Amino acid sequence: MKGGELDPKLQAELDKCLRCGMCMAVCPVYAAEKDEAAVARGKIAIAAAVASGDLALDDREVIDTLFNCLVCKSCMTACPSGVRFDRIMLSLRAAIVEKNGLPWLKSAIFHILKQPARLDTAMKMGARLQGLVFRDNPGYRAISPRSPFAMLGRDAGFGADRLFPAPSPRPLRDRVPEVVTAPRAKMRVAFFTGCSFQYFYPETGLDLIQVLTENQVEVVVPQGQQCCGTPVLVHGDAATARTLARTNIDVMERSNARYIVTGCGSCGSAWQHEFREVLREDPAYAEKAAHWAARTYDVSTLLTDVIGYRRPTGAVDAVVTYHDPCHLKKSMKVAREPRDILRTIPGVTFREMSQPDACCGSGGSYGLTHFDTSSDIARRKAADAAGTGAGTIATGCPACMMQLLDGTHRFGNGQTVRHYISLLADSYRRTAGIA
Amino acid sequence: MSDQAFATQLEAIVGAGNVRTRKVDLVTYSYDATADVPRRIPDVVVRPANTGEIQAIVNLARARGIAIYPRGAGTNLSGGAIPLAGGIVLSFQRMNRILEVDAENLTATVQPGVVIEELNNAVAPHGLIYPPDPGTVKTATMGGSVAENSGGLRGLKYGVTKHYVMGMEVVLANGDKVRFGGKTVKNVTAYDFASLFTGSEGTLGIIAEITVKLIPAPKFRRTMMATYATIEDAGNTVAGIIRAQVIPATLEILDRKTIETVEAYAHVGLPLGAEALLLIEVDGMAETVVECEADAVIRTVAEHHGELRLAKSGAERDQLWAARRAALPALASLNNTVILEDATVPRSHITGMLLACAEIGRKYDLVLGTFGHAGDGNLHPTIVADRHNAEEMARVHRAVEEIFQTALQFGGTLSGEHGIGIAKMRFLGGEIGESGLNLMRSIKDALDPWHLLNPGKLVPAREAPHEGR
Ligand SMILES: Cc1cc2nc3c(=O)[nH]c(=O)nc-3n(C[C@H](O)[C@H](O)[C@H](O)COP(=O)(O)OP(=O)(O)OC[C@H]3O[C@@H](n4cnc5c(N)ncnc54)[C@H](O)[C@@H]3O)c2cc1C
Ligand code: SF4
Ligand code: SF4
């Protein structure tokens, strides 16, 4: 693929890169591999070489390199030139898929999985991802059946060698009515659960709902909501991402809610940014996407800044450290609020780790395609968390919870991993004498 | 030039995982942070793990007549790490261990790939710091900063890299390993080799190990910002502070264009219409001394009609620093190419140099903002332009040339801290003359008669432009 086939807007974005290398300070992949091709600056140089025709986009080596990125956006927080690296990466990946199609992408991803021994784990993790997008999803048919996840993980089970939560036999939305009323409700919000709460952490989802209702907020958990699309978008499947975005918007339009609340950095970020981006040129949806983008809050922001939550009084005796999920901090700009909440819980001793916002290494299929680097990133995170002496690692994103759980299991000292909302819910329950 | 057999020989030295020959990888070693200089894809990237491997690589390359380009983090601003003639990029990213922190002798010994901030993190628990702090402390390597003799924001009071290098292990072009200097505070044995290799930009030898001096971390500091209606007032404040015998750790200046751009970009509450802004920080071990110095600065600012803001907390300090930190990002946001110069003048000429830079910007109709280390005369006239506009780039080149000439007329120098590399090589003769160039060539020829190490940089070729090897 030669330069002419790339989006001209992409060229302007590539031009913004000063080659200053500031992104090296924060890129988790670079920290692990120390190779220039690992970091945003190197990838931008590769993209520029593709644009000028020096490299071909369908070159296997180019694909390998472009997929060696967590799309964690850390580089964007350090970039003095405001390069929107996520856009660069997503449009390149989309260009690959557009040109060569998804089956071809699938074989490219398998190509990255060089060691056959890894294939087994990969299949299992693939199944996890597939589950996130497809499992029991009522909107199954809305998703492109050519999505790489469908092919990667089809029919594979979950293994015992890696510690991942098994998908819950009872997904979240099967456990709650569509509208959870609150006594003396002041406001009505819609909870966009995302796949992780729905399938892997339904209890955490229930905690989130409980905290909201205890704060006199009525919660709609719209049936028919689907995956936020981030996992497919980062694999270049913009078409599926667009379909999912439209369906989700339709569902929310019917919800009668004032705000959308999320408890997952990627889901919230999808509502705040990605939906707008993928629907930018859709006359029927662009405005709706913008409308909801401005009305999406991480639950912590809703609690601290919008409604002023009820201060917890039940003691939760724990030494807690907090991991900043990349998409929550770097995309949604939420970092203070969860800490504020944790600090108001009686009994909680809060200890900051040295690099709380260093990526944990989760990121779509990254752990699957780049096992060693992802393990290395997880190892650093585990060591940093262990250094605080905290017995509990709190975070604000279920995808990070999975990765942290696996990381502390493999490299840490088996700390408990919780969503901050669950610690708040614990405290409320203590007060009520439930726990 | 390079071929499979050569790559195999390199692999025999460093292991297969540490030789890069895929084109995707090579593309990412064709540049450094310098704008507007040629780029070139190397033939191979090699990542040695120790001095022995470096020696073996040097010997192999010399036998084959293949150029070696040492590279740390590739953040320099003079084209120093660009493989102009193809050949080998020698990356030190694997040699990133801190070998020793000796708190009793106030020294640390590191491999060249250690990032400056990592060294500071390692010595902080001992209450020590390694002061040289270029804007790239979080990314630049010790090897690269020693090779560039980098400065930074604390240069006025704490000096630059060369003031901290006590000893080294160097691999020469002939393959020899040499160790000199060490942990003694005094050492006059042999030539002062540490000074020779510091700032040699990878042209004389490959730095394989560095022993540096550490100092106790200052315990107290006061931070303030002053804005001025005229550049003269700001310049006089700088002179006045020094005259009051206060040496601030930081004494930074932003000119009008930079102030406007920063305010539009970051909304940090800077007064629009101000001609200059000074960011001043005094620090020290004793609170009373620091307070005395702060008072003297405050008086001097008032004498020269500056409007003062004093930081009363860590958060307020961050706010004041935010303006300085935003200088480069803000300017960078204006266009796709940022030419960051570092012409330096004796500090008594700061006012003249600032005015001249602004005038040069107007004359060539360019977006030019100047900020920098006012206290040590090291300014960063920064031009923002569109690299796709050949006509504008031609004006940029003329402006840069005039900035250099102006700095020299003020008795200054081409580069205060970014080095010569390829970017400023052709202006070198203007400062040190033909005899100076010949001295450089003699030293280069004596140490590297094969022109194996970083050819085409720093040392201009005798006649026709050097083709590399
Ligand atoms: C945004 C920005 C801000 C900056 N601010 C400052 C500043 O305030 N002050 C300042 O002084 N500089 C500054 N710089 C320039 C740059 O950061 C420094 O020059 C830095 O020290 C270079 O380190 P590096 O590891 O990136 O070296 P590289 O760029 O990789 O290499 C620099 C030179 O050293 C040589 N070299 C590298 N390693 C070795 C070795 N082991 N042996 C022999 N030669 C070697 C290379 O061949 C090259 O010539 C800035 C740059 C940027 C992009
Ligand atoms: S998105 Fe994350 S992994 Fe990718 S280049 Fe940026 S910092 Fe590195
Ligand atoms: S920090 Fe931004 S401008 Fe600098 S190299 Fe990275 S992407 Fe480019």
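Parameters at a glance
- Residues numbered from 1 in each chain as written.
- Chains lettered and ligands numbered in written order.
- Predicted model: local features only at pLDDT ≥ 70, side-chain atom pairs only at ≥ 80, totals over all residues.
- Heavy atoms only, no water.
- Helix = DSSP H or I, 4+ residues; strand = E, 2+ residues; numbered from the N terminus.
- Contact = heavy atoms within 4.5 Å.
- Areas by Shrake-Rupley, 256 points an atom, 1.4 Å probe, with all protein chains shown as cover.
- Domains from an automatic or database assignment.
- Buried area = accessible area lost by both parts, 1.4 Å probe.
- Salt bridge = Lys/Arg side-chain N within 4 Å of Asp/Glu carboxyl O.
- Polar contact = N/O pair within 3.5 Å; in protein donor to acceptor, adjacent residues only side chain to side chain.
- Nonpolar A, V, L, I, M, F, W, Y, C, P; charged D, E, K, R; others polar.
- Axes fitted to C-alpha atoms, helices over the stretch in contact; angles between N-to-C directions.
- Parallel < 35°, antiparallel > 145°, perpendicular 65-115°, else oblique.
- Left-handed = near helix turned anticlockwise from the far one by under 90°.
- Core = buried A, V, L, I, M, F, W, Y, C linked by side-chain atoms within 4.5 Å.
- Buried < 20%, exposed > 50% of the residue type's maximum accessible area, 1.4 Å probe, protein only.
- Near = heavy atom within 4 Å.
- Pairing = 2+ DSSP bridges.

> Would you mind going over the overall build of chain A in detail, with residue names and values included?
The number of helices and strands found in chain A is 23 helices and 9 strands. When contacts within chain A are restricted to residue pairs at least 6 apart in sequence, those whose partners lie at least 24 apart make up 79%. When the accessible surface of chain A is split by element, carbon and sulfur atoms take 51% of a total near 15,400 Å².

> Would you mind going over the domain arrangement of chain A in detail, with residue names and values included?
Residues and elements named next belong to chain A. Split into domains, chain A comes out as domain 1 (8-100), domain 2 (172-306) and domain 3 (311-431). Taken over C-alpha atoms, the centre of domain 2 sits 22 Å from the centre of domain 3. Contact with domain 2, which involves 30 residues of that partner, is made by 27 residues of domain 3. Of the roughly 2,200 Å² buried at the junction of domain 2 and domain 3 (both faces included), carbon and sulfur atoms supply 61%. Between domain 2 and domain 3 we count 2 salt bridges in total. When the shortest N-O distance is used, the salt bridge between Asp305 and Arg336 registers 2.8 Å. Taken together, the connections running from domain 2 to domain 3 amount to 12 residue pairs in polar contact (both at pLDDT 80 or more). Of all the secondary structure elements, the ones that give two or more residues to the side of domain 2 that touches domain 3 are α11 (194-200), α12 (202-214), α15 (265-278), β5 (296-298) and α17 (299-307). Broken down by class, the residue content of the side of domain 2 that touches domain 3 amounts to 9 nonpolar, 17 polar and 4 charged.

> Before we move on, could you go through the packing of helix α14 (residues 238-253) of chain A against α15 of chain A and cite the residues and values that matter?
Residues and elements named next belong to chain A. Closest axis-to-axis distance for the α14/α15 pair is 9 Å, and the angle between their directions is 120°. When the axes of α14 and α15 are compared, the pair comes out oblique. Helix-helix and strand crossings are classified by hand; for α14 and α15 the assignment is left-handed. Counting all contacts with α14, which are made through Arg242, Ala245, Asn248, Ile249 and Met252, the residues of α15 involved are Trp271, Phe275 and Val278. Here the contact of α14 with α15 is composed, by residue class, of 6 nonpolar, 1 polar and 1 charged.

> Can you lay out the nonpolar core for me, pointing to particular residues and giving the numbers?
By size, the foremost hydrophobic cluster in this structure holds 128 residues, and its most contacted members are Leu57, Leu212, Leu303, Leu342 and Leu424 of chain A. The greatest single-element share of this core, amounting to 8 residues, is contributed by helix α3 (residues 40-51) of chain A. When neighbours within four sequence positions are excluded, Leu424 of chain A is seen to be in contact with Val211, Leu303, Tyr309, Pro312, Ile341 and Ile345 of chain A. Ranked by size, the runner-up nonpolar core spans 50 residues in total, among them Met224, Ala343, Ile360 and Val400 of chain B.

> Describe the site of ligand 1, naming the residues involved and giving the relevant values.
By nearness alone, 36 residues border ligand 1, and Pro70, Gly72, Asn76, Thr136 and Thr141 of chain B come closest of all. One chain alone does not account for the residues near ligand 1; they come from chains A and B. At 2.6 Å, a backbone N or O of Pro70 of chain B approaches an oxygen atom of ligand 1. Thr75 of chain B is positioned such that a nitrogen or oxygen atom in its side chain is 2.7 Å from an oxygen atom of ligand 1. Surface burial for ligand 1 is 97%, taken as the share of its 980 Å² of free accessible area covered by protein chains. Looking at the shell around ligand 1, the elements that each hand over two or more residues are β3 (68-71), α5 (142-148) and β10 (206-213) of chain B. The element best represented in the shell around ligand 1 is α5 of chain B, accounting for 5 residues. A class-by-class count of the residues in the shell around ligand 1 yields 15 nonpolar, 17 polar and 4 charged. If you count residues domain by domain, the shell around ligand 1 takes at least three from each of domain 1 (3-91) and domain 2 (98-216) of chain B.

> Give a detailed account of the pairing of strand β9 (residues 416-419) of chain A, specifying residues and quantitative values.
All names here are of chain A. Covered by surrounding structure in β9 are Val417 and His419 only, the residues Thr416 and Arg418 on the alternate face being uncovered. Of the strand pairs in this sheet, strand β8 (residues 392-395) and β9 are connected by 4 bridges, and their pairing is parallel. Counted as the bridge partner of Thr395 is His419 from β9.

> Describe the interface of chain B and chain A, and please don't skip the residues or the numbers.
At the interface, 31 residues of chain B touch 28 residues of chain A. When the buried area of chain B at its contact with chain A is split by residue, Arg22, Val24 and Tyr31 of chain B rank highest and sum to 20% of it. At the boundary of chain B with chain A, the tally comes to 5 salt bridges. Arg20 of chain B is the partner of Asp35 of chain A in a salt bridge, and the nearest nitrogen-oxygen pair spans 2.5 Å. Linking chain B with chain A are 13 residue pairs in polar contact (both at pLDDT 80 or more). Elements with a contribution of two residues or more to the side of chain B that touches chain A: α2 (23-27) and α11 (314-332) of chain B.

> Tell me about the pattern of salt bridges, and please be specific about residues and values.
Opposite charge on two side chains permits them to pair, given that their charged atoms come into close proximity. All names here are of chain A. Scanning the entire structure with this criterion turns up 52 salt bridges over all chains. The salt bridge involving Arg429 is made with Asp426; its shortest N-O contact spans 2.8 Å. With Arg429 and Asp426 both in helix α23 (residues 420-432) and 3 residues apart, the pair spans about one turn of that helix. On the basis of relative accessible area, Arg429 is assigned to the buried category, the value being 17%. In this structure, a network of salt bridges that share partners links the residues Lys73, Asp86, Arg87, Glu274, Glu277, Arg280 and Glu281.

> Mind laying out the pairing of strand β8 (residues 165-171) of chain B, listing which residues take part and the relevant values?
All names here are of chain B. Among the 7 residues in β8, 7 count as buried, and that is most of the element. By the bridge criterion, 6 bridges tie β8 to β10 in an arrangement that is antiparallel. Note that in β10 the partner of Val170 across the bridge is Ile207. In the sheet, β8 pairs with strand β9 (residues 177-181) via 5 bridges, with the strands oriented antiparallel. Of the residues in β9, the one forming a bridge with Val171 is Lys177. Hairpin connection, β8 to β9: the antiparallel pair is bridged by 5 residues, and Gly175 has positive phi, about 95°.

> Kindly report on the environment of Tyr191 of chain B, identifying the contributing residues and their values.
Residue and element names in this part refer to chain B. Counting through the fold element by element, Tyr191 comes out in the loop between β9 and α7 (193-197). Of the residues examined, Tyr191 reaches a relative accessible area of 68% and is grouped as exposed. Spatially, the C-alpha atoms of Tyr191 and Phe180 are 9.5 Å apart, while their sequence positions differ by 11 residues.

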